[in-house]
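Read off the chains here:
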Amino acid sequence: MRRLPALTAASALTAAALVLTACTDASQQTAGDAATDEASAEASFDPSAIEADEEIAAMLPQEIADKGTLSVGSDTAYAPAEFIDVDGKTPVGFDIDMVSAVAAVLGLEAEVQSAAFDGIIPAIGSKYDLGVSAFTITDDRMAEVNMISYAVAGSQFGVAAGNPEDFDPENLCGTTIGVQTSTIQDEELTAATEDCEKDGEEPIELVRYESQADVTTNLVGGKLQAMYADSPITAYAVEQTSGEVETIGEINDAAPYGIVVAQDDKELTEAVQAAVQKLIDEGTLEEIFAGWGSEDVVVDEAELNPAE
């Protein structure tokens, strides 16, 4: 996702909005979660319904095929993309369903391991076979790893209901905004606050949290004027809090999410790309995202390292 120099330009890409409902980590629940505790079980996709594609599976590196599993690094604190279900241990979310389906096409099982967001890419190819964590495809990331596109999202601000702090998404200097650490929104706001200081204005007070649930909780609790996250995550916060959070402004800079694979693993990259394309062509990937309440977000082509 591109950076907005001062985050004042509103995008017309509202078609990328995702209206999602699910549930968050039981240890991080906030207002309204009780009403959605059953949603994850209803939304989760059953990969056992997918038959392995022998031709695509044959593309795998022998080591992976023999292992029978794909180790997947994911920051499971970013509902509804990836998070821990109410049992306190099971990863769920649209990314989890997606990578489980990819593994099924390859005749494998996905073993999702919770990890800090900024620690996933450095561990690809050593600790993890794949990284799946709502990674926006950027040039900086593609300089380190391969990225295979599968869906599109933008960024959107959220505020407490009624916008009691009169937050203006086109005038960010001097405001207090919460983000999850190391996300694209963290990067954008860091650049924006530097611009504020250069222009002689008050900097943005950027409050970083390890968990998106903590961002939402502190917004509802009045410690923040706004939150900034991927559009599906902000939309989910509205549902999660039963309207205690509302979106504000347009969706900025819609861009694709990508599955992360090591650059030097050509066989695995090609196998995963082929598996994603099969899921797209058959409508399975659209079915997965529809199960989480999304519409029209799946890409037409699983591109490898698309231009930013």
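Residues numbered from 1 in each chain as written. Predicted model: local features only at pLDDT ≥ 70, side-chain atom pairs only at ≥ 80, totals over all residues. Heavy atoms only, no water.

**Remarks on the sheet that holds strand β3 (residues 82–84)**
The three strands lie next to each other as β2-β3-β4, forming an open sheet whose pairing is antiparallel. Of all the strands in the sheet, the pair left with one neighbour each is β2 (77–78) and β4 (91–92). With two bridges joining them, β2 and β3 adopt antiparallel strand pairing. What sits directly across from Ala 77, in β3, is Phe 83. (Pairing = 2+ DSSP bridges. Helix = DSSP H or I, 4+ residues; strand = E, 2+ residues; numbered from the N terminus.)

**Considering the packing of aromatic side chains**
We describe a pair of aromatic rings using the distance from one ring centre to the other and the angle between the two ring planes. Counted under the stated rule, the structure contains nine aromatic pairs. For the pair Phe 94 and Phe 289, a centre-to-centre distance of 5.0 Å together with 35 degrees between the ring planes defines the contact as tilted. With a gap of 195 residues between them, Phe 94 in helix α4 (residues 94–105) and Phe 289 in helix α11 (residues 284–290) connect regions that are remote in the sequence. In this structure Phe 94 comes out as buried when scored by relative accessible area, which is 0%. Judged by relative accessible area, Phe 289 falls into the buried class, the value being 2%. For the pair Phe 157 and Phe 167, a centre-to-centre distance of 5.2 Å together with 55 degrees between the ring planes defines the contact as tilted. Taken together, the residues Phe 157 in strand β7 (residues 145–160) and Phe 167 in the loop between β7 and β8 (176–180) connect sequence positions 10 residues apart. Of the two residues examined, Phe 157 and Phe 167, each falls in the buried class. (Phe/Tyr/Trp six-rings, centres within 6.5 Å; stacked < 30°, edge-to-face > 60°. Buried < 20%, exposed > 50% of the residue type's maximum accessible area, 1.4 Å probe, protein only.)

**Comments concerning the layout of surface pockets**
Taken as a whole, the second largest pocket spans an internal volume of roughly 200 Å³. Forming the boundary of the second largest pocket are Pro 61, Glu 63, Ile 64, Lys 67, Gly 125, Ser 126, Tyr 128, Asp 129, Ala 262, Asp 264, Asp 265 and Leu 268. A per-element tally of the lining of the second largest pocket places helix α3 (residues 62–67) first, with three residues. Tallied by class, residues from the lining of the second largest pocket come to five nonpolar, two polar and five charged. (1 Å grid on protein atoms, 1.4 Å probe; cavity = no way out; pocket = protein on both sides within 12 Å on 5 of 7 lines; lining within 4 Å. Points joined across faces, edges and corners; volume = space filled by probe spheres on them. Nonpolar A, V, L, I, M, F, W, Y, C, P; charged D, E, K, R; others polar.)

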